[in-house]
Amino acid sequence: MYLFTLPIDEPETSAKVRDFVLTLTKAQQATIEYVPLRTDDGKLTQLAEKLNVDSAPTLVVTHESVSCELDADGDEDCDYIEKPVERFVGAKAITEHLEVTIESYTYANPPE
C-alpha cells in the first residue's frame with residue numbers, strides 16, 4: 001500500500017492521516033509505504049505518474065505479479081508488474097477505510 005503525501009509543512013490533511021496511522025498497531029503501520037507525490041522541483045514522481053495519482057493524501061493498494069516472456073533465444077525474461085486495485089483520495093476517505101483495507105489486503109492482523 002502506498003500513501004502519497006506532501007511535505008509535513010504542507011496541507012493539514014496529510015498530517016491528519018499520519019496521526020491516524022500512528023494509532024494503528026506496528027504490524028498495520030508496516031503495511032503502509034509513505035511515498036512523496038512530487039519531486040523537489042514540483043513535478044509528479046514516477047510512481048505517482050505510473051499509478052495516476054495527482055493529489056495528496058492518496059492511498060493506493062497495488063497487486064504485484066510476474067509477467068514472463070520468451071526472448072529470441074528462448075530464454076525466459078520476467079518482470080514484476082504492479083497494478084492498482086483500490087484507491088482512496090483525501091484524509092476522510094483514507095481514515096474511514098484504512099483498517100478494513102489493511103484487513104482485506106494484508107496479513108497484518110493475526111486471526112483470532
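To keep things clear, this report deals only with the structure shown in the data block. (Residues numbered from 1 in each chain as written. Predicted model: local features only at pLDDT ≥ 70, side-chain atom pairs only at ≥ 80, totals over all residues. Heavy atoms only, no water.)

1. Here we look at unusual backbone geometry
- Looking along the chain, the bond that leaves A56 and enters P57 is cis, with omega of 0 degrees.
- Positionally, P57 belongs in the loop between α3 (46–50) and β3 (58–70).
- Phi angles above zero are rare outside glycine, and N52 is one such case at about 55 degrees.
- For N52, the location among the structural elements is in the loop between α3 and β3. (Helix = DSSP H or I, 4+ residues; strand = E, 2+ residues; numbered from the N terminus.)

2. Looking at the pairing of β3
- Sheet topology places strand β1 (residues 2–5) next to β3; three bridges connect them, and they run antiparallel. What sits directly across from F4, in β3, is T58.
- Strand direction decides the pairing type here: β3 and strand β4 (residues 76–89), joined by 13 bridges, are antiparallel. Looking at β4, one finds that T62 is bridged to P84.
- In textbook terms, the turn of a hairpin is the stretch between consecutive antiparallel strands, and for β3 and β4 this stretch comprises five residues, one of which, G74, has a positive phi near 85 degrees. (Pairing = 2+ DSSP bridges.)

3. Examining the pattern of salt bridges
- For the structure on display, the rule yields two salt bridges.
- The salt bridge partner of K50 is E82, with a shortest N-O separation of 3.7 Å. You can see K50 sitting in helix α3 and its partner E82 sitting in strand β4, a full 32 residues away along the chain.
- Residue classification places K50 among the partly exposed positions, given a relative accessible area of 48%.
- Residue K92 is joined to E96 by a salt bridge in which the shortest nitrogen-to-oxygen separation is 3.8 Å. You can see K92 and its partner E96 sitting in helix α4 (residues 91–105), four residues apart, about one turn around the helix.
- Note on K92: relative accessible area 63%, which makes it exposed. (Salt bridge = Lys/Arg side-chain N within 4 Å of Asp/Glu carboxyl O. Buried < 20%, exposed > 50% of the residue type's maximum accessible area, 1.4 Å probe, protein only.)

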